[in-house]
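A look at the structure
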Amino acid sequence: MTVTYSLDVSNCSSFSLYRLLFRWKGSIWKYVIFDLAIWCSLYFLISVSYRCWMNTSQREIFEDICVYFNSYSEYIPITFMLGFYVSTVYTRWWDIFGNIGWIDSPALLIASCIIGSDESNRVMRRNLIRYLVLTQALVFRDVSASVKKRFPTMDHMVTAGLMTCREKEEFDKIESAHIKYWQPMHWAFSIVKCARAEGRISDIIFIDLLEKFRQYRVNVLSLTLYDWISVPLGYTQVVHVAVRSYFAVALLGRQYLSTARDIPNSKTIDLYIPIMTILQYVFFIGWMKVAEVLLNPLGEDDDDFECNYILDRNLQVGFAIVDAAYENFPSQQKDPFWHESIPQLLHTTESAERPVNPNVGSCADLETEFDNKRKESVMLLPRRVSVSHRSLAWDRTADLIVPVGRDR
């Protein structure tokens, strides 16, 4: 389920973002609470062991180990490694979203180009939409766990209505060692070729439809490429090991040392709870957990894409465009602003209270030195004043620099 909070941050206020801190679904608290509880438990267990159960010699050895870990913990460059890793994963996540595939543009082109309200044209338009969505469903079955659970077999696709029994038989006839994502698109291309052969569409429209279908297919099939080729496993491992190792070292390196010896960490305030380390843990582990969620946005995390909804939405919108809304448009008449040279939309009372700031160039109202001098001398200058070194003159009527002696 995708967690959205756009309305909550529609206005920048003192408390808008603070309200988001108390969200649970998709929040940093949900990501880190279990790990943080384990880390804090281990930290307090070690601290109690040091304070209550160790003798003098054991305490000295423990203190030396803690000093050593604290001194060399900064050798692990987690900020650089984690920052670059999250940036890479985020770019990949956004590219995957950009290639999800939306039916609107192909459906509008189909409705505009394959004309006719008779049954054969309706069947052609609806089947084209269904084949496009079927292609998307075949891809989603192999890259999204939620869609795979919805359509575990091809028979479930038939039961759901994305395929007919006859189409499944044709689908199974083709023997291939590879997944047949291409077959529904092949059917769609064949339908368009038949429409061209029957004179339903022209050559130009034929090319436009093929190009729109090709682009849709490229977008959807790109999801399989992202699924086949992941972020290199070694990179994911090294970031994970680095962050975990850093806080494993912090279990000892951040301990309070109660000793008379002159060693680091022995003179700090004993707060019992490592507040600053806990904050650091929340930030870095939360950062890493965000990367884990973004790594595969087609899964079943709180912030993953709603693939099942996208399939339903594409099928419903596609059928609505090519069938229910086909040739359904209002009669043409004069618009309400017919007699207005500068039309102005009305506001509600609440909307009118917000001031309107026209978008103009940032330098539109900037007064230059030339403007100031012109204001001072506008009553003293003749119609044309020669600028000898450039053979130019200023026309104070038109506010232009023009060549000397040339009429405006």
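Residues numbered from 1 in each chain as written. Predicted model: local features only at pLDDT ≥ 70, side-chain atom pairs only at ≥ 80, totals over all residues. Heavy atoms only, no water.

With that out of the way, let us pick up the overall build of the protein chain. Counting its secondary structure elements, the protein chain contains 16 helices and three strands. Here the protein chain holds 408 residues, and 36% of them are scored as buried. The long-range share in the protein chain, meaning contacts at least 24 apart out of those at least 6 apart in sequence, stands at 68%. Accessible surface computed for the protein chain: about 26,100 Å², of which carbon and sulfur atoms make up 61%. (Helix = DSSP H or I, 4+ residues; strand = E, 2+ residues; numbered from the N terminus. Buried < 20%, exposed > 50% of the residue type's maximum accessible area, 1.4 Å probe, protein only. Contact = heavy atoms within 4.5 Å. Areas by Shrake-Rupley, 256 points an atom, 1.4 Å probe, with all protein chains shown as cover.)

Relative to the elements of secondary structure, Lys168 occurs in helix α9 (residues 165-173). In this structure the side chain of Lys168 is engaged in a polar contact, spanning 2.8 Å, whose partner is the side chain of Asp172. (Polar contact = N/O pair within 3.5 Å; in protein donor to acceptor, adjacent residues only side chain to side chain.)

Before going further, it helps to examine helix α14 (residues 307-324). Here α14 is 18 residues long and its end C-alpha atoms lie 24 Å apart, about the 26 Å a rise of 1.5 Å per residue gives. Residues of α14 that are buried: Cys307, Ile310, Leu311, Asn314, Gly318, Phe319, Ile321, Val322 and Asp323. Looking straight down α14, one finds its buried side chains confined to an arc of 165°; they lie on one side. Exposed residues pointing more than 90 degrees away from the buried face of α14 are listed as Tyr309, Gln316 and Ala324. (Expected span 1.5 Å × (residues − 1). Arc of directions from axis to C-beta.)

Non-glycine residue Glu327 carries a positive phi angle of around 55°. Residue position: Glu327 is located in the loop between α14 and α15 (349-352).

Within the largest apolar cluster, 82 residues are counted, with the highest numbers of intra-cluster contacts made by Trp39, Ile110, Phe140, Met157, Phe213 and Phe247. For this core, the element with the most residues is helix α6 (residues 119-143), which contributes twelve residues. (Core = buried A, V, L, I, M, F, W, Y, C linked by side-chain atoms within 4.5 Å.)

Turning our eyes to something else, we now look at helix α5 (residues 104-113). An α-helical segment advances 3.6 residues per turn. Residues three or four places apart therefore align on the same side. Listed in full, the buried residues belonging to α5 are Pro106, Ala107, Ile110, Ala111 and Cys113. Those residues of α5 that are buried lie in contact with α6, α11 (203-228) and α14.

Here we come to the UniProt feature "transmembrane region" (unreviewed entry) in the protein chain. Mapped onto this numbering, the UniProt entry annotates "transmembrane region" (unreviewed entry) at residues 28-46, 67-90, 96-116 and 269-288. Each end of residues 67-90 is marked by a C-alpha atom, and these two atoms are 37 Å apart; helix forms 79% of the span and strand 0%. Across residues 96-116 one finds 62% helix and 0% strand; the C-alpha atoms that close the span lie 37 Å apart. (UniProt positions renumbered as here; feature names shortened; annotations may be inferred.)

It is worth spelling out the pattern of salt bridges at this point. For the structure on display, the rule yields 18 salt bridges. In this structure, Lys173 and Glu170 form a salt bridge, with 3.3 Å as the shortest nitrogen-oxygen distance. Placement of both Lys173 and Glu170 in helix α9 is noted, with a separation of three residues, approximately one turn of the helix. A salt bridge links Arg214 to Glu211; its shortest N-O distance comes to 2.8 Å. (Salt bridge = Lys/Arg side-chain N within 4 Å of Asp/Glu carboxyl O.)

What follows is about the packing of helix α4 (residues 78-98) against helix α13 (residues 275-295). Close contact between α4 and α13 brings their axes to 9 Å; oriented N to C, the two are set at 25°. As summarised for this structure, α4 and α13 are arranged roughly parallel, according to the angle between their axes. Seen from above, α4 lies across α13 with left-handed handedness. Together, Ile78, Thr79, Leu82, Gly83, Tyr85, Val86, Val89, Tyr90, Arg92 and Trp93 of α4 and Phe284, Trp287, Met288, Ala291, Leu294 and Leu295 of α13 make up the contact between the two elements. Of the residues that constitute the contact of α4 with α13, the class distribution is 13 nonpolar, two polar and one charged. (Axes fitted to C-alpha atoms, helices over the stretch in contact; angles between N-to-C directions. Parallel < 35°, antiparallel > 145°, perpendicular 65-115°, else oblique. Left-handed = near helix turned anticlockwise from the far one by under 90°. Nonpolar A, V, L, I, M, F, W, Y, C, P; charged D, E, K, R; others polar.)

Take the packing of aromatic side chains next. Aromatic ring pairs are described here by two measures, namely the spacing of the ring centres and the angle between the planes. Tallied over the entire structure, the rule returns 20 aromatic pairs. Ring geometry for Tyr85 versus Tyr235: centroids 5.2 Å apart, planes at 85°, classification edge-to-face. Here Tyr235 lies in helix α12 (residues 233-253) and Tyr85 lies in helix α4, a separation of 150 residues in the sequence. One aromatic cluster is present, formed by Trp39, Tyr43, Phe44, Tyr246, Phe247, Tyr281, Phe284 and Trp287 through successive ring pairs. (Phe/Tyr/Trp six-rings, centres within 6.5 Å; stacked < 30°, edge-to-face > 60°.)

A separate point is the confidence of the model for the protein chain. A low pLDDT means the predicted coordinates there should not be read in detail. Looking at the protein chain, pLDDT values average 85 and 90% of them are 70 or higher. When the criterion is pLDDT under 50, residues 384-402 qualifies, and its contacts beyond four places in sequence or with other chains add up to 42 contacts. (pLDDT = per-residue confidence, 0-100.)

Time to look at the environment of Leu210. Position of Leu210 among the secondary structure elements: in helix α11. Overall, Leu210 belongs to the partly exposed group, its relative accessible area being 25%. Along the primary structure Leu210 and Val192 are separated by 18 residues, whereas in three dimensions their C-alpha atoms are 7.9 Å apart. Ignoring any residue separated from it by four or fewer positions in sequence, one finds Leu210 in contact with Phe189 and Val192.

Note that Gln255 resides in the loop between α12 and α13. Classification of Gln255 as buried rests on a relative accessible area of 2%. In terms of polar contacts, Gln255 uses its side chain to reach the backbone carbonyl oxygen of Leu251, at 2.8 Å.

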